[in-house]
Amino acid sequence: MNILIFGCAGFIGINLTHHFLKKKHKVIGVDNLTYASNIDEINLLKKNINFKFFKLDIRSKQIQRIIDKSQPKWVINLAAESHVDNSINNPNKFITTNINGLYNILLFTERYYKKLNNINKKNFKFLQISTDEVYGSLIRGSANENFRYNPSSPYSASKASADMLVNSWNVTYKLPTIISYSCNNFGPFQNKEKLIPKVLLSLKNSKKIPVYGNGMNKREWIFVKDHILAIEQILNKGKTGNTYNIGSKNNISNLDLIKKIIKIVKKKNYLNLDKKLSYYIEFVKDRKGHDFRYSLNCNKIKKKLSWKEKYTFEESLEKTIYHYFFYKL
Ligand code: NAD
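Described in the following lines is the structure provided in the data block. Every value quoted in this text rests on a predicted model; they were computed, and no experiment measured them.

What counts, and at which threshold
- The residue numbers shown here count from 1 along each chain, following its written sequence.
- For a predicted model such as this one, the threshold for reporting local features is a pLDDT of at least 70, and the threshold for listing and counting side-chain atom pairs is 80 or more; totals across whole chains, interfaces and linings nevertheless cover every residue.
- In computing side-chain properties, one takes all heavy atoms of the structure into account and sets aside hydrogens as well as water.
- The pairing criterion is simple: DSSP has to find at least two bridges between the two strands.
- Here a helix means four or more residues in a row that DSSP labels H or I, a strand means two or more in a row labelled E, and each is numbered from the N terminus.
- Fitted lines through C-alpha atoms serve as axes, helices being fitted only where they are in contact, and the angles separating the N-to-C directions of these axes extend from 0 to 180 degrees.
- Whether two residues are in contact is decided by their heavy atoms: any pair within 4.5 Å suffices.
- A helix is expected to span 1.5 Å for every residue after the first.
- Only protein chains enter the area calculation, which uses a 1.4 Å probe; residues under 20% of their type maximum are buried, those over 50% are exposed, and those in between are partly exposed.
- Each nonpolar core is a collection of buried residues, namely Ala, Val, Leu, Ile, Met, Phe, Trp, Tyr and Cys, held together in the definition by side-chain atoms within 4.5 Å.

**Description of the sheet that holds strand β4 (residues 74–77)**
Read from one edge of the open sheet, 7 strands run β3-β2-β1-β4-β5-β6-β10, paired in parallel fashion. For this open sheet the edge positions go to β3 (51–55) and β10 (243–246), each flanked by a neighbour on one side alone. The average angle at which neighbouring strand axes cross in this sheet is 20 degrees, direction not considered. Across the face of the sheet, helix α7 (residues 154–173) comes into contact with β5 (125–131) and β6 (177–182) while running at roughly 155 degrees to β5.

See below:
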């Protein structure tokens, strides 16, 4: 089966590509290799005969040729500008990639879909990978799939806009789409601008870990491999026109997460960390419009698709830290 992945060189894209190749699927990957991509890993993957890579911007008209040539059964869009801080400093790319780029993909996917025979039409799915951030900051409770959109950063607003377009292509043009909303992912191959690699890099280089505000902002964290198993389950069993939350119930403040990481690094003796927590961190001016808390209600995917997390938080965090210390930081 052919699977077309946009954004295959990013953090989740690399993990997803590895997963589908292990399952002996044919993967066609598209990515324009921004600073956030894993170029070395793409070069290694290119040795696999079941992987075809195209360095291409999703805003390019050439996307049409790639979709038609690939004859995919599933199209997955992960390509995005993904770092909230960058969206605050320079929103332009977030609008042109996350919204206009996605529009370009939808346009050509629909043209491809229309040409398929009825059997292939029945099997075809387009999956847009969205984020819990579109629901905005929650004071209490958890957001289910019917929760109102309330994005607060240019990043989450661009993702929310993309979701609206996907939904309109489903309703208006009958493109078989699904949207999934994941909480914060962690695992191998994440860019060093993101919290967990940034904490490890700071510790390794004996630099202070910058902590926004008072460090009390809470996020829900999922191991990237659990997210990938959820994506696979959604593509196999999910109903088109539907949306699914993918969360973990691992809700933790940034400060507590940093403490946990330091504890693991100490326990494993990766570094000699014998000072108090306050020695390693530095509170910095809070992010503009910083959302306080996200939390997902995942009853739908659990009940309807029988998906549940496979990996424990502690174990997967240990695996992640091991990766960054011994493979790539
Ligand atoms: P990432 O930033 O690590 O990877 C994004 C990839 O998209 C990069 O390889 C980049 O080169 C590529 N890209 C960017 N602009 C492009 C363009 N114009 N044309 C082609 N390729 C382009 O992001 P990630 O963490 O892997 O996230 C992937 C997707 O999942 C994003 O859409 C993000 O919004 C969503 N998501 C991520 C998380 C998370 O915690 N990482 C959580 C929820 C949702």
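The structure having been displayed, the exposition proceeds.
**Focus on helix α9 (residues 224–237)**
Counted at 1.5 Å a residue, the expected span for α9 with its 14 residues is 20 Å, and the 20 Å between its end C-alpha atoms agrees. Every buried residue belonging to α9 is among Val224, Asp226, His227, Ile228, Ala230, Ile231, Glu232, Gln233, Ile234 and Leu235, and all of these are buried.

**Quick word on the nonpolar core**
Side chains of a nonpolar character, in soluble globular proteins, are inclined to be buried together. By size, the foremost hydrophobic cluster in this structure holds 70 residues, and its most contacted members are Ile5, Phe6, Phe20, Ile42, Ile76 and Ile301. Here the element with the most residues in this core is helix α5 (residues 92–114); it accounts for 7 residues. With residues near it in sequence (within four places) discarded, Ile42 still touches Cys8, Ala9, Ile14, Leu33, Phe51 and Phe53.

**Looking at the environment of Tyr212**
Inspection of the secondary structure assignment puts Tyr212 in strand β8 (residues 209–212). Relative accessible area serves as the criterion here: at 26%, Tyr212 is assigned to the partly exposed category. Sequence separation between Tyr212 and Ile129 is 83 residues; the distance between their C-alpha atoms is 27 Å. Dropping the residues within four chain positions of it, Tyr212 is found in contact with Asp85, Val284, Lys285, Asp286, Arg287 and His290.

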